[in-house]
Amino acid sequence: MNKQYDVAALGELLIDFTENGTSGQGNPVYEANPGGAPCNVLSMLNKLGHRTAFLGKVGNDIFGRQLRAAVESAGIDVSGLLTDEDVRTTLAFVETKPDGDRDFSFYRNPGADMMLREDEVRDDIIADAKIFHFGTLSMTNEPVRSATRHAIKVAKENGAILSFDPNIREPLWKDMEDARTQMAYGLSVCDILKISDNEIQWFSAKEDYTEGIHMLQQTYQIPLILLSMGRDGSRAYYKDMLVEVPAFLQKNTIETTGAGDTFGACCLHHILKYGLDNLTKQQLKEMLTFANAAASIITTRKGALRVMPSLEEIQRLL
């Protein structure tokens, strides 16, 4: 398939303010890290030599300009990234807990990323991509919900593989039933699902991950489901195969922002290499091992988009 882009993604682009020490007065100091799951995924794919493009919206403010510069410097095509003159760029303040887990406070009522309209989506970019990647944060509100559905339709019509990471952030939903409805829509159209342990338990109401995944397989017939389990590693469910690989635990883990995005991107890297049709157990194991290694490296760094590991770093760890 001769297309200009390996992966195009649509969704949120925001500033993650992550804690970085305290001031002389004892106040917490926050660092403005470029973030947003879809661009984190693309940034990692760029590090692995792929051509990527992002579609979204930022505000005409200092943060919007910072984000555009960061995404461009990561090598991602930004011709589908628009600027909203009236609405500010979305901000997220991330509090890191002692175990490296996180709490989010969002400033997005509304945020520029929610303002992308269907008629602003660059169909030509999506049509020219082998994989189209999306999440649920571009489905929380209109008009970006309609823009996302339109992009998915264009991707399907042009033979792209659809990759979906729900990335549910509870504070951004007025109603969790709506979150469930939008996630179900994503599950119904995707070919690759990357889902976290707590998301599968929430959506399926089953404690056992495999029971929950089997429910998804039966209901939605998703060819490849990737389950990230944090410290417990990851699994791939493909046809009647289940492959599990342990995590690489790092002594100097400081935060987990972007770990799931890094993992997901590395899995897409392997799909671009092997295709989705006849994956073997060995290929799935290789994919998960590589993805787990990369995800463990990002947990030792602040932020994600600007600090994705290189292929050499991943291979060194392996």
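Residues numbered from 1 in each chain as written. Predicted model: local features only at pLDDT ≥ 70, side-chain atom pairs only at ≥ 80, totals over all residues. Heavy atoms only, no water.

Taking an unreviewed UniProt entry as the reference, the chain is identified by name as Sugar kinases, ribokinase family belonging to Roseburia intestinalis XB6B4. Recorded in UniProt under Sequence similarities (unreviewed entry), the annotation for the chain is "Belongs to the carbohydrate kinase PfkB family." (UniProt positions renumbered as here; feature names shortened; annotations may be inferred.)

On to the sheet that holds strand E2 (residues 14–22), then. The mixed open sheet is built from 4 strands, whose spatial order is E3-E2-E6-E7. Across the chains shown, the open sheet's two edge strands, defined by having one partner strand only, are strand E3 (28–35) and strand E7 (102–107). In this sheet, neighbouring strand axes are inclined to one another by 30° on average, regardless of whether the strands run parallel or antiparallel. In this sheet, E7 lies alongside strand E6 (residues 91–96) in antiparallel orientation, the contact comprising 6 bridges. Counted as the bridge partner of Phe-93 is Ser-105 from E7. (Pairing = 2+ DSSP bridges. Helix = DSSP H or I, 4+ residues; strand = E, 2+ residues; numbered from the N terminus. Axes fitted to C-alpha atoms, helices over the stretch in contact; angles between N-to-C directions.)

Moving on, we come to the packing of aromatic side chains. Going through the model one piece at a time under the given rule, you end up with 8 aromatic pairs. Seen from their ring centres, Tyr-30 and Phe-93 are 5.4 Å apart, and the 80° between their planes marks the pair as edge-to-face. One end of the pair, Tyr-30, is in strand E3; the other, Phe-93, is in strand E6, and 63 residues separate them in sequence. On the basis of relative accessibility, which here comes to 34%, the residue Tyr-30 falls in the partly exposed class. Owing to a relative accessible area of 26%, Phe-93 belongs among the partly exposed residues under this scheme. Residues Phe-93 and Tyr-107 carry aromatic rings whose centres are separated by 5.4 Å and whose planes lie at 75° to one another, so their mutual orientation is edge-to-face. (Phe/Tyr/Trp six-rings, centres within 6.5 Å; stacked < 30°, edge-to-face > 60°. Buried < 20%, exposed > 50% of the residue type's maximum accessible area, 1.4 Å probe, protein only.)

A separate point is the pattern of salt bridges. As enumerated under the stated definition, the model contains 13 salt bridges in all. Across the pair Asp-113 and Arg-108 runs a salt bridge whose closest N-O atoms are separated by 2.7 Å. On the basis of relative accessibility, which here comes to 3%, the residue Asp-113 falls in the buried class. Overall, Arg-108 belongs to the buried group, its relative accessible area being 10%. (Salt bridge = Lys/Arg side-chain N within 4 Å of Asp/Glu carboxyl O.)

In this section: the pairing of strand E1 (residues 5–10). With respect to burial, E1 is a largely interior element, 6 of its 6 residues being buried. Of the pairings in the sheet, the one linking E1 to strand E4 (residues 52–59) comprises 4 bridges and is parallel in character. Within E4, the position partnered with Ala-8 by the bridge is Ala-53.

Looking now at the packing of helix H4 (residues 144–157) against helix H5 (residues 176–189). Their axes nearest at 11 Å, the elements H4 and H5 cross at an angle of 10°. When the axes of H4 and H5 are compared, the pair comes out roughly parallel. Between H4 and H5, the contacting residues are Arg-145, Arg-149, Ile-152 and Lys-156 on the first element and Asp-178, Gln-182, Tyr-185 and Val-189 on the second. Among the residues forming the contact of H4 with H5, the class breakdown is 3 nonpolar, 1 polar and 4 charged. (Parallel < 35°, antiparallel > 145°, perpendicular 65-115°, else oblique. Contact = heavy atoms within 4.5 Å. Nonpolar A, V, L, I, M, F, W, Y, C, P; charged D, E, K, R; others polar.)

So, on to helix H2 (residues 62–73). Between its first and last C-alpha, H2 extends 17 Å over 12 residues, near the 16 Å set by a 1.5 Å rise per residue. Every buried residue of H2 is listed here: Gly-64, Leu-67, Ala-70 and Val-71. Take H2 and look down its axis: the buried residues cluster within an arc of 130°, on one side only. For H2, the exposed residues set more than 90 degrees away from the buried face come down to Ile-62 and Ser-73. Where the residues of H2 are buried, they touch E2, E3, helix H1 (37–47), E4 and strand E5 (77–84). Backbone geometry just after H2 places Gly-75 at a positive phi near 90°. (Expected span 1.5 Å × (residues − 1). Arc of directions from axis to C-beta.)

A few words now on the sheet that holds strand E13 (residues 241–245). Sheet architecture is open: 9 strands sit in the order E5-E4-E1-E8-E9-E10-E11-E12-E13, paired in mixed fashion. The sheet is open, and its two edges are formed by E5 and E13, each paired on a single side. The average angle at which neighbouring strand axes cross in this sheet is 15°, direction not considered. Here helix H6 (residues 197–204) sits on the sheet and contacts strand E9 (161–165), strand E10 (192–196) and strand E11 (224–228); the angle it forms with E10, its principal contact strand, is near 95°. Across the sheet, helix H7 (residues 209–220) is in contact with E10, E11, strand E12 (234–238) and E13; its angle to E12 comes to roughly 35°.

Let us now look at the side chain of Lys-194. Considering the arrangement of structural elements, one finds Lys-194 in strand E10. Within the buried set, Lys-194 has no salt-bridge partner at all; the shortest N-O distance to an opposite charge, 4.0 Å, is to Asp-165. A distance of 3.2 Å separates a polar atom in the side chain of Lys-194 from a polar atom in the side chain of Ser-228. (Lys, Arg positive; Asp, Glu negative; His and termini not counted. Polar contact = N/O pair within 3.5 Å; in protein donor to acceptor, adjacent residues only side chain to side chain.)

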